[in-house]
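The chain contents come next:
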Amino acid sequence: MLISSIKKKSTGFVAYFIVGLIALTFIVTALYGIDFMGSGQTVAKVGDKEISKTEFLKNFVPQQRNLQQQLGAEYSTDIENILKQTVIDQMVNSQILFQYAQNHGYVTTPKEVQTNIAKNEVFYRDGKFDVDQYKKILRLNGYSVQEYEASQFQQLTQEQLRSNIEKSAFVTDFERKNVTSLLNQERKFDYLEIPVKDFSDQVSITDSMLKDYFDKNQDRFIKPMKVSVDFVELNLDEVTKSISPSDDDLAILYDEEKNRFSTDEERKAQHILVENKVTADQVISLINEGKSFEDLAKEYSIDTGSKDSGGDLGFFGIGVMVPEFETAVFAMKEGEVSAPIKSEFGFHVIKLNKIKESSLKSFDEVKEQLVKIYQKNQGQKMIYDLSDEMTNLAYEGSLEELAEKMNLKLQTSELFSKTSKSPNKKMINAAFSDPVLNRGENSEPIDLGDDKLVVLRLNNLEKSRNLNFDEVKIQVEGIVKTQESKKLADKLTDEIITLISDNQKTDEILKKNNLKWTSVEWTKRDNQKVDPSAIDLAFKAPKPNSKPGISLSKNLGSKNMIVRVNALKTSDESAGNVDRLLNTYETDEFYLATLKELKKEANIEIYRDRL
Amino acid sequence: MKNFIGVHKTEEEQEDQIKNWWKENGIQIIGGVVIGIAGIWGWDYYQNHTYAQSIEARDLYLDFSVNNNSSTLQNLSENFSDSSYQDEARLLLAKNQIKNFDESRNTLLSVSNSSNKYLANLAKIRLAKLYINNDNLSEAETILNNLNDESYKGLKFYMQAQISEKKNDLSSAKNLYEESLKNLSEESGLKNLIRLKVADLN
């Protein structure tokens, strides 16, 4: 209503007045960079700060791509959900730390930011930090210098919470001694293995025991549902085979893709950069007198990047150097020395050394390559159209019709269950989906990656059922036998433990059962040569005093174990870098606890359904 | 808005209406805009000032962390007393004073009252370490009883276990180490060490 009346009267004073008011708002917002527009939906809130979907995706997408490449077909919605959670948690943590830093006046100085960037080897060329390389890499990753440096500021400032704690961490003598003597501790012990299978001859198993076990554990003896499917597969390789381009097609493609086969013109130049025109003129007159350009560059140039190499800048193309410099270089002849050229850096004296003309490979040289490109382009277009056709046919008619119309082979798979390794996981999921399994429909085209599409339908179904006793009798017998043997092994273990302080009686019973102690000389807990269960039990056992320290375990699966610790010693000798270990542990824990506390106090909301 | 521009009036009437309206409200509007702009300006200035102050404090802290210069610390305490860097510098100082119990304790005590409660908590834990090492076990207990933020429970039990160990009350030490295990952060490396301790106290 209002808008239409403004339109009608937009010639008059009223219009000017309203436009004026509107303009004022724009001017004020523009001047002060006030952002009234959000950037999309909010996915999380940390205090007052909202994290938008756009920001989230900026962090999520690269990691998602990474993971998809690593996992291939294994990548699933479950994994994606975990990744989403991880990414949003990281973003929330980072925001929490940033707010903590802001509220308590933590900052990072520009010099720290610079130093940190300068030691990042990604930006190195020839073993040194290189400004051009720096700018190039930022550009490739879609950052401006300001944005990147701001993000470094934020990151370094956030890291301070942890690094400041670590810097002031200390270890007291008591802690050092306590941990050192713990890590240096050595024990001397014997261990006894009581294998369960030793008792299998002594157990007697009756059919009623087996039946009893089977009845009580029916849910463990189920044959899973299995299905087989009919399917047709459409793939790029097959499609492209049928494409044979004419020379005319290839000629057009060659024209379109010329820059793929060409290199741009590049020029190799040296320069001497000086601060003012007087010096530049002086340098030129020295060159005219026959002084070497290299020597003059070393002496006069203020370009620290190139002066030591005689001002050499190597080959470069269009778009690399500042415009004034570029215009000059690309107008010069080989061997020529320029007049002083002014740029934002100062005055350049330039010598052009070599011109590498732009070049283009001939049609015949690249014909084979062109055929492949053509096939791939056309193939992908065709796949796109064909997949549409496939979708329609799969929806409308039978799989036979689809196969016939699209000239594809109708194939049939083996039987498989939900947990089978083959076929592809996506095909299994589709086969067990409601429309295919219960309603007998064709599946939608399933994208298997690598430009492969499959449509399937149910062929055969083998229902899941309880196995009957006869089918699993052997399996049950094995289980029951092991159970009974274990009972005997446990009984013997208990007997030995009650006798253990009486060496003679213990020896007798061991002999009777054909068991023997294995002795282990002084050993530390990180000894890799001794059975890890034995080490674990030995260092869990009470310390020996007048009597040895005993420990046992009946939870090792195929055997029981008893350990008899005879002696224990330790030393104060330094045990690796205990101080560093303790500092790291304490710093990490304090840091994590603080983060947890900050999160507890902050008002955090994550809208999971929007991720 | 509906009453502001009467849609059904003629253009002259509307013009008059607006002119009258402007006469009545013009000064307020201009005043409002000026106050608004001044406010934004002032806020900008304040932020820039705070940032500059923080940078200066950070520089002093970095300088102190290299040179341990007492005049730098004095400068920090006098001119940047509400900056966390003042506390951070004291935490560094306490580490350097570790050979001298009294000095180090006094420094940490001053941080344990900081308005930055996270640094105050850190100072409390470090005080407890000092006290335990120096056999001031009841002081250690007192300072730990003052550490009440939920998230530091794991560390608190860890320190209390060490007190029990020093008192040679090994069963209580074992219990406290086990409590600590339950409360430490999931990813904490300290757990590895404490598991060894628990096994050793069997």
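The structure we're discussing is the one just above.
The structure displayed is predicted, hence computed values, not measured ones.

Undergrad: What is the right way to look at the sheet that holds strand 1 (residues 42-46) of chain A in this model?
TA: Consider a sheet: its strands pair through backbone hydrogen bonds, and that pairing is either parallel or antiparallel. Residue and element names in this part refer to chain A. Read from one edge of the open sheet, 3 strands run 2-1-21, paired in antiparallel fashion. Two strands lie at the open edges of the sheet, namely strand 2 (49-52) and strand 21 (604-606), each paired on one side alone. When the angles between neighbouring strand axes are averaged without regard to direction, this sheet yields 20°. Across 3 bridges, strand 1 lies against strand 21 in antiparallel orientation. Note that in strand 21 the partner of A44 across the bridge is I606.

Undergrad: Can you walk me through the sheet that holds strand 20 (residues 559-569) of chain A in this structure?
TA: Residues and elements named next belong to chain A. Taken together, the 4 strands give an open sheet; going across it, the order is 18-5-20-19, and neighbouring strands pair in antiparallel fashion. In the strand order of this sheet, the two ends are held by strand 18 (517-523) and strand 19 (549-553), each with one partner. Strand-to-strand twist of the sheet, defined as the mean angle between neighbouring strand axes without regard to direction, takes the value 20°. Taken together, the 5 bridges between strand 5 (residues 186-195) and strand 18 define a ladder with antiparallel strand orientation. The residue bridging D190 from the neighbouring strand is S519, located in strand 18.

Undergrad: Just to check I follow, could you spell out the packing of aromatic side chains for this structure?
TA: Pairs of aromatic rings are described using the distance from one ring centre to the other and the angle between the two planes. Counting across every chain of the model gives 24 aromatic pairs over all chains. Between F316 of chain A and F330 of chain A the ring centres are 6.5 Å apart and the planes differ by 70°, which places this aromatic pair in the edge-to-face class. One end of the pair, F316 of chain A, is in strand 10 (residues 312-316); the other, F330 of chain A, is in the loop between helix 14 (323-329) and strand 11 (341-343), and 14 residues separate them in sequence. Its relative accessible area of 4% is what places F316 of chain A among the buried residues. Through pairs of rings, three or more aromatic residues link up here, namely Y100 and Y106 of chain A together with Y61, Y85 and Y118 of chain B. Taking the ring centre of F315 of chain A as reference, the NZ or CZ of K356 of chain A above it sits at 4.4 Å.

Undergrad: Mind showing me how you'd approach the interface of chain B and chain A here?
TA: Interfaces are often sized by the accessible area lost when the parts come together. At the junction of the two partners, chain B supplies 66 residues and chain A supplies 57 residues. At the boundary of chain B with chain A, total buried surface from both sides reaches about 5900 Å², with 63% on carbon and sulfur atoms. For the chain B face of the interface with chain A, the top three residues by lost area are Y118, K129 and D200 of chain B, together amounting to 11%. At the surface where chain B touches chain A, the tally comes to 8 salt bridges. Put simply, chain B and chain A have 28 residue pairs in polar contact (both at pLDDT 80 or more) between them. Among the secondary structure elements, those contributing two or more residues to the side of chain B that touches chain A are helix 1 (11-67), helix 3 (84-96), helix 5 (117-133), helix 7 (153-166) and helix 9 (190-200) of chain B. The leading source of residues in the side of chain B that touches chain A is helix 1 of chain B, at 19 residues. When the residues that make up the side of chain B that touches chain A are grouped by side-chain class, the tally is 33 nonpolar, 15 polar and 18 charged.

The rules behind each value
- Residues numbered from 1 in each chain as written.
- Chains lettered and ligands numbered in written order.
- Predicted model: local features only at pLDDT ≥ 70, side-chain atom pairs only at ≥ 80, totals over all residues.
- Heavy atoms only, no water.
- Pairing = 2+ DSSP bridges.
- Helix = DSSP H or I, 4+ residues; strand = E, 2+ residues; numbered from the N terminus.
- Axes fitted to C-alpha atoms, helices over the stretch in contact; angles between N-to-C directions.
- Phe/Tyr/Trp six-rings, centres within 6.5 Å; stacked < 30°, edge-to-face > 60°.
- Buried < 20%, exposed > 50% of the residue type's maximum accessible area, 1.4 Å probe, protein only.
- Lys NZ or Arg CZ within 6 Å of the ring centre and 35° of its normal.
- Contact = heavy atoms within 4.5 Å.
- Buried area = accessible area lost by both parts, 1.4 Å probe.
- Salt bridge = Lys/Arg side-chain N within 4 Å of Asp/Glu carboxyl O.
- Polar contact = N/O pair within 3.5 Å; in protein donor to acceptor, adjacent residues only side chain to side chain.
- Nonpolar A, V, L, I, M, F, W, Y, C, P; charged D, E, K, R; others polar.

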